[in-house]
Amino acid sequence: MNKTSSNEIWLIVDSRQFGGIETHVLQLAQGLIAHQQAVKVWLVSRYSSPSPICTKLKTLGIHYDYLGGDDAPASHLNALSNLIHLVKQQRPLLVHAHGYRASILSKIAKLLTRSPQISTYHAGENPSGRVKLYDWLDRISAFVSDQSLVVSHAIANKIPTSSHYLNNFIDCQSISFQHGQSIAFVGRLSSEKAPDRFCRLATNFPSLHFDIYGTGPLKQQIDTIAGKNVHCHGHQSEMDTVWPTISVLVICSEFEGLPMVALEAMARGIVIIASRVGELPNLIINGENGWLAYEEATFSQQLQLWQSLSDEGQLAMRVNATNTIHQHYSQQAVIPKLLKIYHAVSTQFDSQIAN
């Protein structure tokens, strides 16, 4: 591997599929480059089936590499060893980790290399099994990081040290105002996303077209309960051709931070009907740029209200949604704030080393 410049930001993520964290990392890398900041993405593991983020990084010309091999404990130790070696050798400006596995490894590397490190906490749900242990370890060790960033205030409440809230963001300059006719669910078919609520919503509107994009542990259940007007399309590695077919995005989750799909949809003028969870109440002004549902029955009420609007009323709401993202949730709005955090961390680190 070639030696990198000392002003490079390293983004570390463990990626098998393409979801909210991968979207965030991709948007962050693009935004940093657009602001003349050198960046490199490191993937913790090299899986037998390459993560979709690799293709996207390659297409955008963003430099990336792997720290370890397949998903095994020995591989994770190898990834940690490589990370420690690379940090000592190349001395990046700082390491910014995303997801519990990348965060834990990079914090250990920080302790052994005395290098600046930041972690972003994305998950708001309560995990189970082995992931629950890793998630707890990641949160309880937050004090090791020079800065902990969160994408929702609910996530901040689960971290035992101080953290900094920063809006999720997208590149609005590459997105056009476009929408279709269908009502859609986009996300993982898992309990916290509550796709069963979406299916029950569809039964109240038999004349409307409902689409589900995603897969997960509840796939079989959703296939069973989905009505005739619900079409399940499975996991989508590329959403660019899907977004123009959607009129309304339904986010019926029980837990959320600030989902990237909400930003991507609103930037295109796709209206959202969302659960009142996470940062969604801060993103959506009910009845102005979208709709908030306080309970399951409210989803039907809000969709009925949307259907009752005139063409002019619907267009006004779509425009409001787009303007919200441009003004507060775009790369152009958020990246400068993040660069200030990077600068503060690296400056503080340099000062500590000098003393």
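Predicted, not measured: the structure shown is a model, and the values here were computed from it.

Engineer: I'm lost on the overall build of the protein chain in this one. Help?
Structural biologist: Looking only at helices and strands, the protein chain features 13 helices and 13 strands. For the protein chain, the spread of C-alpha atoms along the three principal axes comes to 65 × 40 × 40 Å. Sorting the 355 residues of the protein chain into buried and exposed places 54% on the buried side. For the protein chain, restricting intrachain contacts to residue pairs at least 6 apart in sequence, the fraction spanning at least 24 positions comes to 66%. Accessible surface, the protein chain: about 15,900 Å² in total, of which carbon and sulfur atoms supply 51%. In the protein chain, the 27 positive side-chain charges and the 27 negative ones have mean positions that sit 7 Å from each other.

Engineer: Sorry if this is basic, but what is going on with a nonpolar patch on the surface here?
Structural biologist: A cluster of nonpolar residues, L133, W136, L137 and I140, forms a patch on the protein surface that exposes about 390 Å² of accessible area. The class for I140 is partly exposed, based on a relative accessible area of 37%.

Engineer: For this particular structure, what's the right way to read the packing of aromatic side chains?
Structural biologist: Each aromatic ring pair is characterised by the separation of its centres together with the angle its planes make. Per the counting criterion, the structure on display carries five aromatic pairs. Centroid distance F185 to F198: 5.9 Å. Interplanar angle 50 degrees. Geometry classified as tilted. Of this pair, F185 sits in strand β8 (residues 182-186) while F198 sits in helix α7 (residues 195-203); the two residues are 13 residues apart in sequence, bridging distant segments of the chain. Each member of the pair, F185 as well as F198, carries the same accessibility label: buried. An aromatic cluster is present here, built from F185, F198 and F210 joined pairwise through their rings. Note that R16 overlies the ring of Y47, its terminal NZ or CZ placed 4.1 Å from the centroid. If you follow K56 out to its NZ or CZ, it ends over the ring of F18, 4.8 Å from the centre.

Engineer: Just to check I follow, could you spell out the state of the cysteines for this structure?
Structural biologist: Between two cysteines, a covalent bond joining their sulfur atoms is known as a disulfide. Tallied over the entire structure, the rule returns zero disulfides. The cysteine C232 is free of any disulfide, with C199 supplying the nearest cysteine sulfur at 6.2 Å.

Engineer: Help me understand the sheet that holds strand β4 (residues 94-98) in this model?
Structural biologist: Read across the sheet, seven strands follow the order β3-β2-β1-β4-β5-β6-β7 without closing on themselves; strand pairing throughout is parallel. Bordering the open sheet on either side are β3 (64-66) and β7 (164-165), each of which pairs with just one other strand. Strand direction decides the pairing type here: strand β5 (residues 117-121) and strand β6 (residues 147-150), joined by four bridges, are parallel. Counted as the bridge partner of S119 is S148 from β6. Sitting on the sheet, helix α2 (residues 52-60) is in contact with β2 (39-43) and β3, with an inclination near 145 degrees to β3.

Engineer: Could you clarify how one ought to interpret the packing of α7 against helix α11 (residues 296-308) in this entry?
Structural biologist: Packed helix pairs are characterised by how far apart their axes lie and by the angle those axes make with each other. With their axes 10 Å apart at the nearest point, α7 and α11 run at an angle of 45 degrees to one another. The orientation of α7 relative to α11 falls into the category oblique. Like other packed secondary-structure pairs, α7 and α11 cross with a definite hand, here right-handed. In this structure, α7 uses R197, R200 and L201 to contact α11, whose residues at the interface are E296, F299, S300 and L303. Across the contact of α7 with α11, the residue classes tally to three nonpolar, one polar and three charged.

Engineer: Help me understand the sheet that holds strand β9 (residues 210-213) in this model?
Structural biologist: What links the strands of a sheet is backbone hydrogen bonding, and the strands pair in either a parallel or an antiparallel sense. One open sheet accounts for six strands, arranged β10-β9-β8-β11-β12-β13; its pairing is parallel. This sheet does not close on itself; its edge strands, each paired only once, are β10 (230-232) and β13 (291-293). When the angles between neighbouring strand axes are averaged without regard to direction, this sheet yields 25 degrees. One ladder, built from three bridges, connects β9 with β10; its direction is parallel. Each residue of the ladder has a partner; that of D211, found in β10, is H231.

Calculation notes
- Residues numbered from 1 in each chain as written.
- Predicted model: local features only at pLDDT ≥ 70, side-chain atom pairs only at ≥ 80, totals over all residues.
- Heavy atoms only, no water.
- Helix = DSSP H or I, 4+ residues; strand = E, 2+ residues; numbered from the N terminus.
- Buried < 20%, exposed > 50% of the residue type's maximum accessible area, 1.4 Å probe, protein only.
- Contact = heavy atoms within 4.5 Å.
- Areas by Shrake-Rupley, 256 points an atom, 1.4 Å probe, with all protein chains shown as cover.
- Lys, Arg positive; Asp, Glu negative; His and termini not counted.
- Charge placed at Lys NZ, Arg CZ, Asp CG, Glu CD.
- Patch = residues over 30% accessible without salt bridge, like charges linked within 9 Å, V, L, I, M, F, W, Y side chains within 5 Å.
- Salt bridge = Lys/Arg side-chain N within 4 Å of Asp/Glu carboxyl O.
- Phe/Tyr/Trp six-rings, centres within 6.5 Å; stacked < 30°, edge-to-face > 60°.
- Lys NZ or Arg CZ within 6 Å of the ring centre and 35° of its normal.
- Disulfide = S-S within 2.5 Å.
- Pairing = 2+ DSSP bridges.
- Axes fitted to C-alpha atoms, helices over the stretch in contact; angles between N-to-C directions.
- Parallel < 35°, antiparallel > 145°, perpendicular 65-115°, else oblique.
- Left-handed = near helix turned anticlockwise from the far one by under 90°.
- Nonpolar A, V, L, I, M, F, W, Y, C, P; charged D, E, K, R; others polar.

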